[in-house]
Amino acid sequence: MSKDAVNTAVAAPRTDAASMPADAGDAGYSKDLKARHVNMIAIGGAIGTGLFLGAGGRLHNAGPALAIAYLICGIFAFFVVRALGELVLYRPSSGSFVSYAREFLGEKGAYVAGWMYFLNWSTTGIADITAIALYTHYWSMFTDIPQWVLALAALAVVLAVNLISVKIFGEMEFWFAIIKVATLVAFMFVGIFLLATQHKVGGQTPGLDVITDNGGVFPHGLMPVVLVMQGVIFAYAALELVGVAAGETAEPEKVVPRAVNSIMWRVGLFYVGSVVLLALLLPGSVYSADESPFVTVLSKIGVEGAGDVMNLVVLTAAMSSLNSGLYSTGRILRSMAMAGSAPRFTARMNRSQVPYGGILLTCAVCVLGVGLNYLMPSQAFEIVLNVASLGIISTWVIIMVCHLVFVRRAKAGLVTRPSFRLPGSPVTEIVTITFLLSVLALMWNDPEVGRKTLLLIPVIALMLIGGWFAIRRRVAKAGDRELADLTK
């Protein structure tokens, strides 16, 4: 929609909101997600392979200070979700931040927000199916099956679940989250028991001495802690799913505040608490990127089958991430397609009110990932993980910029802020944006991974610019049609 059209739509009274959604992409959805679904989607977004698997390598590189990195990034992640939650209560939309970018930043802002988010989740999907294939190879019965076949099978299963109905998606995420939470709680009880009884772990008595005798909180200095920030932020990716899911729940004004507010203590308990426990039980040098840190601890105390159980949980986390990615990109792409900035077929919905066009497009990119698994099975995961980090950081920055404009318009009397608000605005948004951009800048200090990732930014920017010039006329026509509908 053009800038003039946006202003006109904002200024227009919302007397017919029930019959005409503010975002044309919101029409046609069911409201089948219940409070328990949204709450568990919030939990599932906060707990994933970034903790179950990624924490091992990060503990090895950064030591116990990893807990500080998780805490700092967790606070900023909470600010982002809190800002998004306020925007959701102002106007629930399955288009989520893309819809808000359209209203507050114009069509160019929505275009960038949507395609960067698609970049994030489509590449994350490739990482997920790669991870699923690798985890499945853990069991001997699957070792002879090629990695790309397992990746394709996982994609087919999750695609089928997403296409059936949003209720099935919600149920699947609910039980995925239950498994992840139950596993973490069980491990934390085991860890606390080991600490309380001073039971030896790998021949060493757990406690503060494990940290002080192995280089302290910062065994390798401050820079390794800074460099793991990129990976930590990626671990928190999917928290913004709460905003997308709100468009398909009947009572977002009740469900969203509870889900958003619970994120903070979950981050503190599950991420920071788990890492502190891991650091107290074994030195950071014992952990590695090749094994879940929870498996490392349990194997050191002679728990049989620990590897099998944890591998199943990590497999579940990867399936959950893939499931969420297909769900969210389907909704985001439909919102964009209705505005003309995504292919027309991504606006299509099936009889179950599922936007199958956008889901299939994301799957098509993931199929390219199956090819990547065939050509470079050992490098596929690392390649796509770095690209995905650019997508999630840009998405979070856009959410905070949208909130800044929203607050400014509220002060001008153009919109009304809900009672559920981001505290400390506009300072909170500015500090969060500065932090996220600084994480990008500091990635230059990592020549192996971070620097190569940053070099992709000009390439992505050129692709976005070229794409905008290709579709801008279609966007203008779609904006004119939507404006005509609003003024009827």
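Reading the values: rules and limits
- Residues numbered from 1 in each chain as written.
- Predicted model: local features only at pLDDT ≥ 70, side-chain atom pairs only at ≥ 80, totals over all residues.
- Heavy atoms only, no water.
- Helix = DSSP H or I, 4+ residues; strand = E, 2+ residues; numbered from the N terminus.
- Buried < 20%, exposed > 50% of the residue type's maximum accessible area, 1.4 Å probe, protein only.
- Contact = heavy atoms within 4.5 Å.
- Areas by Shrake-Rupley, 256 points an atom, 1.4 Å probe, with all protein chains shown as cover.
- pLDDT = per-residue confidence, 0-100.
- Core = buried A, V, L, I, M, F, W, Y, C linked by side-chain atoms within 4.5 Å.
- Expected span 1.5 Å × (residues − 1).
- Arc of directions from axis to C-beta.
- Phe/Tyr/Trp six-rings, centres within 6.5 Å; stacked < 30°, edge-to-face > 60°.
- Lys NZ or Arg CZ within 6 Å of the ring centre and 35° of its normal.
- Salt bridge = Lys/Arg side-chain N within 4 Å of Asp/Glu carboxyl O.
- Axes fitted to C-alpha atoms, helices over the stretch in contact; angles between N-to-C directions.
- Parallel < 35°, antiparallel > 145°, perpendicular 65-115°, else oblique.
- Left-handed = near helix turned anticlockwise from the far one by under 90°.
- Nonpolar A, V, L, I, M, F, W, Y, C, P; charged D, E, K, R; others polar.
- Patch = residues over 30% accessible without salt bridge, like charges linked within 9 Å, V, L, I, M, F, W, Y side chains within 5 Å.
- Lys, Arg positive; Asp, Glu negative; His and termini not counted.
- Charge placed at Lys NZ, Arg CZ, Asp CG, Glu CD.

## Quick look at the overall build of the protein
Consideration 1: Along the backbone of the protein there are 21 helices and zero strands.
Consideration 2: Counting across all 488 residues of the protein, residues that qualify as buried make up 58%.
Consideration 3: Contacts spanning at least 24 positions in sequence make up 80% of the contacts within the protein whose residues lie at least 6 apart.
Consideration 4: Carbon together with sulfur atoms contributes 66% to the accessible area of the protein, which is approximately 19,700 Å² in total.

## Structural notes on the confidence of the model for the protein
Caution applies to low-pLDDT regions: their predicted coordinates should not be interpreted in detail.
Consideration 1: The pLDDT averaged across the protein works out to 81; a share of 88% of its residues lies at or above 70.
Consideration 2: Between the elements of the protein, mean pLDDT differs from a low of 39, seen in helix 1 (residues 3-11), to a high of 93, seen in helix 19 (residues 427-442).
Consideration 3: Ignoring residues within four places in sequence, the model shows residues 1-21, a span with pLDDT below 50, making 25 contacts including any to other chains.

## Things to note about the nonpolar core
Consideration 1: In terms of nonpolar packing, the biggest core is built from 157 residues, with Phe52, Tyr70, Ile233, Tyr236 and Val297 touching the most fellow members.
Consideration 2: Aside from chain neighbours lying at most four places away, what touches tyrosine 70 is Gly50, Leu51, Ala55, Arg58, Val232, Ala235, Tyr236, Val267, Tyr271, Val272 and Val275.

## Description of helix 19
Consideration 1: The end-to-end C-alpha distance of helix 19 is 22 Å, a good match for the 22 Å that 16 residues give at a rise of 1.5 Å each.
Consideration 2: Along helix 19, the residues classified as buried are Thr428, Glu429, Thr432, Ile433, Phe435, Leu436, Val439 and Leu440. The buried residues of helix 19 all sit within an arc of 160° when viewed along its axis, so they share a single face. Set apart from the buried face of helix 19 by more than 90 degrees, the exposed residues are Val427 and Ala441.

## Some points on the environment of isoleucine 145
Consideration 1: Mapped onto the elements, isoleucine 145 comes out in the loop between helix 7 (107-136) and helix 8 (147-164).
Consideration 2: Separated by twelve residues in the primary sequence, isoleucine 145 and alanine 133 place their C-alpha atoms 9.4 Å from one another.
Consideration 3: When residues no more than four places from it in sequence are discounted, the contact partners of isoleucine 145 are His137 and Leu150.

## Quick word on the packing of aromatic side chains
Consideration 1: One pass over the full model with this rule turns up 15 aromatic pairs.
Consideration 2: Residues phenylalanine 78 and phenylalanine 79 carry aromatic rings whose centres are separated by 6.4 Å and whose planes lie at 50° to one another, so their mutual orientation is tilted.
Consideration 3: Owing to a relative accessible area of 21%, phenylalanine 79 belongs among the partly exposed residues under this scheme.
Consideration 4: Aromatic side chains tyrosine 117 and tryptophan 121 sit 6.5 Å apart centroid to centroid with 80° between the ring planes, which places their arrangement in the edge-to-face category. Here tyrosine 117 and its partner tryptophan 121 are both found in helix 7, four residues apart, which amounts to about one turn of the helix.
Consideration 5: Residue class for tyrosine 117 comes out buried when judged on its relative accessible area of 0%.
Consideration 6: A connected cluster of aromatic rings, assembled from ring pairs, spans Phe76, Phe78, Phe79 and Phe435.
Consideration 7: When the ring centre of phenylalanine 420 is taken as origin, the NZ or CZ atom of arginine 82, which lies over that ring, is 4.0 Å away.

## Quick notes on the pattern of salt bridges
Two side chains bearing opposite charge may form a pair once their charged atoms approach each other closely.
Consideration 1: In this structure the tally under the stated criterion is three salt bridges.
Consideration 2: The partner of arginine 102 in a salt bridge is glutamate 107, and the shortest N-O contact between them spans 3.1 Å. Neither residue differs from the other here; arginine 102 and glutamate 107 are each classed as buried.

## Some remarks on the packing of helix 7 against helix 8
Consideration 1: Two elements in contact, helix 7 and helix 8, have axes whose closest approach is 8 Å; the angle formed by their N-to-C orientations is 120°. Classified by the angle their axes make, helix 7 and helix 8 are oblique. Regarding helix 7 and helix 8, the two cross each other, and that crossing is right-handed. Only Gln147, Leu150, Ala151, Ala154 and Leu155 of helix 8 make contact with helix 7, whose side of the interface consists of Ile129, Thr130, Ile132, Ala133, Leu134 and Thr136.
Consideration 2: Of the residues contributing to the contact of helix 7 with helix 8, the split by class is eight nonpolar, three polar and no charged.

## Overview of a positive patch on the surface
Consideration 1: On the surface, Lys108, Arg344, Arg472, Arg473 and Lys477 cluster together into a patch of positive charge.
Consideration 2: Here the positive patch gets three residues from one element, more than from any other, and that element is helix 21 (residues 456-486).
Consideration 3: Secondary-structure assignment places arginine 344 in the loop between helix 16 (306-338) and helix 17 (356-375).

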